[in-house]
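Coordinate inspection notes
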Amino acid sequence: EGPEKITELYEVGLSSATGSIGLKAISDSPLLSNPLRKPRKKITVMIVGNHSAGKSSFINWYIGESIQKTGVAIETRGFTFVTSGKKRETLTGDATVRYFDYLADFSKFNGIIPNLFTEISTSKEKNFICTDLIDTPGLVDGDMQYPFDVQDAIIHMAEHVDLILVFFDPIGQATCKRTMQVVERLNNSPHLEKIHYFMSKADAVEKEHDRQRVLIQITQNLATRIRNSHAFNLPTFYLPREDGSDPGIPNAIEEVCKEIDKAINMTVQKNLRQLKDDCEKVDTRIDTVLAEDKVKKATNMKKAVQGSALFLLAALSLVGMILLLTARIMPTLCKVSAKICEASHAQFMVTLQPVVTEHFNLLGGVLLTLFIAMAVGAKLVWRMAPVFTKNDIKKLGEYKLYVKKIADQEKGLYEEYFKSLSHADAR
């Protein structure tokens, strides 16, 4: 239930009632514009190996359904995602990308979309309901042509999975160049801790000394390509035979299942850490946008003062041009109406008329230039940055309190997780 409850906090928050808002919606809101990716409810396991390593056969066994084609032919040339659902369904490329949101950028690999498939199964076997399995293209050497860059695609996919199982076939091309190159690139990536190695189809080699020879050969080929060779382990396993017979060969298939179970438990812990980190990020983001809003408002106030000053200067320039023009035509106005010139200020303008007439173009040009410059400057300065309204600030305060309540759920979720690991009365 842990992953479900964590996801609910991202989707609907503390209540499933109408109008309830989750952590993701808060973070994605226009007030914060801080997109979050909610943790997945399931873990993703990618299986890598050469074309006859038994990847598809293992998936069929794990889910208890023959959902993937198997055989010595190169059956898998694309990526097949096997996931649990309410009804049996097959999805092709575009639908697969929409079904798994983390594949959104997978289209950058030319030719890969037509080679993406999803098989939805209703199986309840083992821990399949908590697990998505990825069957990768069978790796072979020689002239085999893939419709996309298979190595780059596998390395890219490694970023989005929780566990990488590498299967080596004892009788096929376990040490094929392409497989080894992929292993080496995975080891040089940040995903080292996700990788686990197994020799599959151990029952295909009946004699113990032959199996040991193959194990030594695989180990020698891997020695120069893996970074944690001191802790290297290569368990051997095979699928239980349909007739129930026991070939008398040690079988570590339960170790494969345990690695998947361990990844499920680790994912719960990882999701709880992510919940805590995301709550802290959203809380910090709220503080940041509120601080930025204060700065914007202060800047807007400063701009308003500067804009007002420039606007005032533009207005004074315009008044100056009007007075200049009035002084120029005042004698003419006096001839039209003698009463106009009776006022003292009109007489003053008449006395200025000769000077104004002599320097009219210069003074007019200066005042016009000043007016245009001040008007344009005022318009440019008066561009206000958008700021929060009182309702926005109130909502951000509510978000902050709500995010704190979501963060407080972490302790209870950890307790539930611990109880799932041991009996409550033993704690």
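Residues numbered from 1 in each chain as written. Predicted model: local features only at pLDDT ≥ 70, side-chain atom pairs only at ≥ 80, totals over all residues. Heavy atoms only, no water.

Some words on the pattern of salt bridges
According to the stated counting rule, one finds 18 salt bridges in the structure shown. The residue E11 makes a salt bridge to K38 at a minimum N-O spacing of 2.5 Å. Taken as a pair, E11 in helix 1 (residues 2–11) and K38 in the loop between helix 2 (23–28) and strand 1 (43–49) lie far apart in primary sequence, 27 residues in all. Residue E11 is classed as partly exposed on the basis of its relative accessible area, which comes to 36%. Here E89 ties to K87 by a salt bridge, and the two come within 3.9 Å at their closest N and O atoms. Take K87: its relative accessible area is 56%, and that puts it in the exposed class. Salt bridges linked by common partners bring E65, R88 and E119 together as one network. (Salt bridge = Lys/Arg side-chain N within 4 Å of Asp/Glu carboxyl O. Helix = DSSP H or I, 4+ residues; strand = E, 2+ residues; numbered from the N terminus. Buried < 20%, exposed > 50% of the residue type's maximum accessible area, 1.4 Å probe, protein only.)

Quick word on the sheet that holds strand 2 (residues 79–84)
Across the sheet, which stays open at both edges, the 7 strands sit in the order 3-4-2-5-1-6-7 with mixed pairing between neighbours. The sheet is open, and its two borders are formed by strand 3 (89–91) and strand 7 (195–199), each paired with just one other strand. Here the average twist between neighbouring strands, direction ignored, is 20°. Bridging between strand 1 and strand 5 (residues 131–135) involves 5 bridges; their strand directions are parallel. Directly across from V45, in strand 5, lies its bridge partner L133. Here helix 6 (residues 177–187) sits on the sheet in contact with strand 1, strand 6 (163–168) and strand 7, set at roughly 150° to strand 6. (Pairing = 2+ DSSP bridges. Axes fitted to C-alpha atoms, helices over the stretch in contact; angles between N-to-C directions. Contact = heavy atoms within 4.5 Å.)

Some details on the pairing of strand 1
A large share of strand 1 lies buried, amounting to 7 of its 7 residues. Of the two faces of strand 1, the one holding I43, V45, I47 and G49 and the one holding T44, M46 and V48 are both buried throughout. Across 5 bridges, the pairing between strand 1 and strand 6 is parallel. Paired with I47 across the bridge in strand 6 is L165.

Structural notes on the pairing of strand 5
Of all 5 residues in strand 5, 5 are buried; the element is thus mostly enclosed. Neither face of strand 5 is exposed, since T131, L133 and D135 on one face and D132 and I134 on the opposite face are all buried. Bridge count for strand 2 against strand 5 is 3 bridges, and the pairing is antiparallel. Counterpart to F81 in the pairing with strand 5 is I134.

Some remarks on the state of the cysteines
What the rule picks out here adds up to 0 disulfides. Here C257 is not disulfide-linked; the sulfur of C130 is the nearest cysteine sulfur, at 14 Å. Relative accessible area serves as the criterion here: at 6%, C257 is assigned to the buried category. (Disulfide = S-S within 2.5 Å.)

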